[in-house]
Structure formats: structure tokens, C-alpha cells
Amino acid sequence: MELDLTPKLPKQVYGGDGGSYHAWCPEELPMLKEGNIGAAKLALEQHGFAVPRYSDSPKVAYVLQGSGTAGIVLPEKEEKVIAIKKGDSIALPFGVVTWWFNSEETELVILFLGETHKAHKAGQFTDFYLTGSNGIFTGFSTEFVGRAWDLEESVVKTLVGSQTGKGIVKLEAGFKMPQPKVEDRDGFVLNCLEAPLDVDIKDGGRVVVLNTKNLPLVGQVGFGADLVQIDGHSMCSPGFSCDSALQVTYIVAGSGRVQVVGADGKRVLETHITAGSLFIVPRFFVVSKIADPEGMSWFSIVTTPDPIFTHLAGRTSVWKALSPEVLQAAFKVDPEVEESFRFKRTSDAIFFPPSN
């Protein structure tokens, strides 16, 4: 069966005045199910409140737009109230309870990428809401809720029945939510637009990698992530994950071209990609991208906490390591062609600006 790697846009799952929740569907993007990957977006309007919930999957959240407040409760820990803004990445392990709130006029948009190996449905997140018309309280009888929290029946009915919203609600303009604490960001958030660059190629591109060193919670999540920005007409060199990881890529801004090559030298994807689309590169497949004039940026997760990549161009590529005679025999070329190939790219770059 042929792999369908075509980039896709998400579809709205639910929403209302406070905002909306969108997800990528495994039926439309088969690699989600194949690779046990989930992907979704939360969009909150001003005063939009995503009620407390937990998920069946570990995730990394990335703030695509706007600013707001997040509440995070790790198992048997105190609540952390965190100010979030564009560029923030947050690792969300199993068992964490979160809520999200937007007090600003600009829409707050958050991307979620994660693994679904232990999820109820492969390739899809399932959230469990603590309150609302589909909250866990609604499933228990009045007797059970009353005995668990030592409440009278009338109080239980008020507690369970007052919130008729589902997942996302809009609060009154004057409602006071908890104020974030600066110290609560420590160890929970890394801003990819402000963090030290792991790769910086002049007129080429820049990379910030999330791993266990700069965001320790990544170790509990079980996979790493990165934000890549390449300049107009620049190329991200062909490369692959050499530790059997999948690459799940969301285009944050800009546009460009992408090619993916799989087994037997077969090109399995060649397409134009734009902001908002998501695609997945299978294990060991080689991918390369070229940006349009306005440049392109993407946020990716790689299904291992400290990923290792092999690039096939530049000074550190495997071609530079192989003996000249091996290359001559493998390509069936004379020494002059082999030498030209070997020494054409001599920098450590993985991004190549356009030729003058």
C-alpha cells in the first residue's frame, strides 16, 4: 500500500463563543495512526477559557499566536500559573491537568503535538474534562459525588449542572482569573524565539532544539522538538533521523517546497507547503525543503527525547566520510567528478542560502 504523506489542515472538533478546538484526523492523514501521533490546535477568543482537562497522551504545546495564561498541575503537585506568549513551548507529560485562558483581544492559538501509543485511539488525543456538560462529574451519580466530597445533594446538583459549556467557555469580561507568577515558568516553558540558537547560518536559517538539557520535562514526555526558520529561497539540506524516529512537522509561517524520498530511491512526496499544514516523515526517509521568497518556519516533534540526524550535504555529511574510491565506484564516475562532488560543500551548514 502506498503511503499518503500529503500535508493536511485540521478540522474543527468543537467550539463556541469562547473559541474552538481543531484536530488532524487519522482517516485523512494515515501516518498519524501509522506512527501513533496526535496533532491538534486550540484557539481562544478574548475571555475564552479552556476548562481543566487531562489527556491520554503526552504532548508538547507550542504557542503559535497571541498571549494568555496557562494553569498546569502535575500529579500530586501544586498548580503552576504561567504567562504564555508566542514562541513558548511547554512539555505536558502523562497525568498533567491543564487549563488555558485568553484575556487579550488577539486570538490565542496553541499547537499540540504528541504520541498516542497508550491512547484510546491511535493517532488521536482523547481529553477528559473535569467540568462542563461532558465533565467527569456528570457521569457519576449525585450520591457518589456527594459522598466523595462530603456535599449535600442540592450543592452537588448546583456544582454539576451550572456549567453547561463543553470544553471551551467564554467568561464575563470582569471575571478575575489567577495571576501568573514569573517563577512558575522555570522548568516548564522555553521560548523558542528567545532561546539561544543551536544552529545559526547567515542568510540561511536558524534552529532551536527542545531537549532534556533546556527543558527537563521533555524527558518525561518522551520526545524532542525544534523550531526551524529558514530565509527566503534557502534550502534545508537533505537529511534523515538515524535513530528510527518519526518527524512530525507543522508549518508555522511562510511557505515553500518539500521533497521526501523513501526506500528504493522513490520520491514519495513532492509538494508546496503553506502555513497551517502538517505532514509526517516516516522513519529513515530523507526530507529536504526550499523556502519561497518570504522564508518559512516550522515546528516539529521527533519521537525520541534527544534526536540524532544525519545530513547528506555539508562538511559533516556521510559523503565526506566515505573514501574517494568508494564514491567513484558507487557513483561510477571518474576522480574529477568525485572530487568536485566532495568539495563543493565544505561548511558545517545544514541550511544553504541561494546561490548568487
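For the protein chain, an unreviewed UniProt entry supplies the name 11S globulin and the organism Brassica napus. Entered under Sequence similarities (unreviewed entry) in the UniProt record, the comment concerning the protein chain runs "Belongs to the 11S seed storage protein (globulins) family." For the record of the protein chain, the UniProt heading Function (unreviewed entry) holds the text "This is a seed storage protein."

> Sorry if this is basic, but what is going on with the side chain of Ser 20 here?
Tracing the sequence through the fold places Ser 20 in strand β2 (residues 19–23). A polar contact is formed between the side chain of Ser 20 and the side chain of His 22, at a distance of 2.8 Å.

> Please clarify how the sheet that holds strand β5 (residues 59–65) should be interpreted in this entry.
Neighbouring strands of a sheet are bound in pairs by backbone hydrogen bonds; such pairs are parallel or else antiparallel. Taken together, the seven strands give an open sheet; going across it, the order is β1-β2-β3-β10-β5-β8-β13, and neighbouring strands pair in antiparallel fashion. In this open sheet, the two edge strands, each paired with only one partner strand, are β1 (11–16) and β13 (189–191). Shown here is a sheet whose adjacent strand axes are inclined to one another by a mean of 20 degrees, direction ignored. Bridging between strand β8 (residues 88–92) and β13 involves three bridges; their strand directions are antiparallel.

> Could you clarify how one ought to interpret unusual backbone geometry in this entry?
Residues other than glycine predominantly adopt negative phi, and peptide bonds predominantly adopt the trans conformation. In this structure, Asp 203 is a non-glycine residue whose phi angle is positive, near 60 degrees. Here Asp 203 is to be found in the loop between β14 (199–201) and β15 (205–210). Located in the positive-phi region is His 233, a residue other than glycine, with phi close to 70 degrees. Assignment of secondary structure puts His 233 in the loop between β16 (224–230) and β17 (235–241).

> Is there a simple way to explain the domain arrangement of the protein chain in this structure?
Looking at the assigned domains, one finds that the protein chain contains domain 1 (9–131 + 166–183) and domain 2 (192–350). Taken together, the 26 residues of domain 1 in the interface contact 23 residues of domain 2. In this assembly, domain 1 packs against domain 2 so that about 2,200 Å² is buried in total across both faces, 77% of it on carbon and sulfur atoms. Ranking the residues of domain 1 by area buried against domain 2 places Met 31, Tyr 62 and Leu 113 at the top, with a combined share of 23%. Run the count over domain 1 and domain 2 and you get one salt bridge. On inspection of domain 1 and its partner domain 2, the count reaches three residue pairs in polar contact (both at pLDDT 80 or more). Within the residue set of the side of domain 1 that touches domain 2, elements represented by two or more residues are α1 (31–35), β3 (37–44), β5, β8 and β10 (108–115). When the residues that make up the side of domain 1 that touches domain 2 are grouped by side-chain class, the tally is 17 nonpolar, four polar and five charged.

> What exactly am I supposed to notice about the packing of aromatic side chains here?
Both the distance between ring centres and the angle between the ring planes are used here to describe each pair of aromatic rings. All told, the structure shown has 10 aromatic pairs when counted by the stated rule. On the numbers, 6.3 Å between centres and 80 degrees between planes, the contact of Tyr 14 with Tyr 129 is edge-to-face. Highlighted residues: Tyr 14 in strand β1 and Tyr 129 in strand β11 (residues 127–129), separated in sequence by 115 residues. Taken together, Tyr 14, Tyr 21 and Tyr 129 form an aromatic cluster joined through their ring pairs. A cation over a ring is seen here: Lys 59 above Phe 112, with NZ or CZ 5.2 Å from the ring centre. The ring of Trp 298 is capped by Lys 289, whose NZ or CZ atom sits 4.2 Å from the centre of that ring.

Thresholds applied
- Residues numbered from 1 in each chain as written.
- Predicted model: local features only at pLDDT ≥ 70, side-chain atom pairs only at ≥ 80, totals over all residues.
- Heavy atoms only, no water.
- UniProt positions renumbered as here; feature names shortened; annotations may be inferred.
- Helix = DSSP H or I, 4+ residues; strand = E, 2+ residues; numbered from the N terminus.
- Polar contact = N/O pair within 3.5 Å; in protein donor to acceptor, adjacent residues only side chain to side chain.
- Pairing = 2+ DSSP bridges.
- Axes fitted to C-alpha atoms, helices over the stretch in contact; angles between N-to-C directions.
- Domains from an automatic or database assignment.
- Contact = heavy atoms within 4.5 Å.
- Buried area = accessible area lost by both parts, 1.4 Å probe.
- Salt bridge = Lys/Arg side-chain N within 4 Å of Asp/Glu carboxyl O.
- Nonpolar A, V, L, I, M, F, W, Y, C, P; charged D, E, K, R; others polar.
- Phe/Tyr/Trp six-rings, centres within 6.5 Å; stacked < 30°, edge-to-face > 60°.
- Lys NZ or Arg CZ within 6 Å of the ring centre and 35° of its normal.

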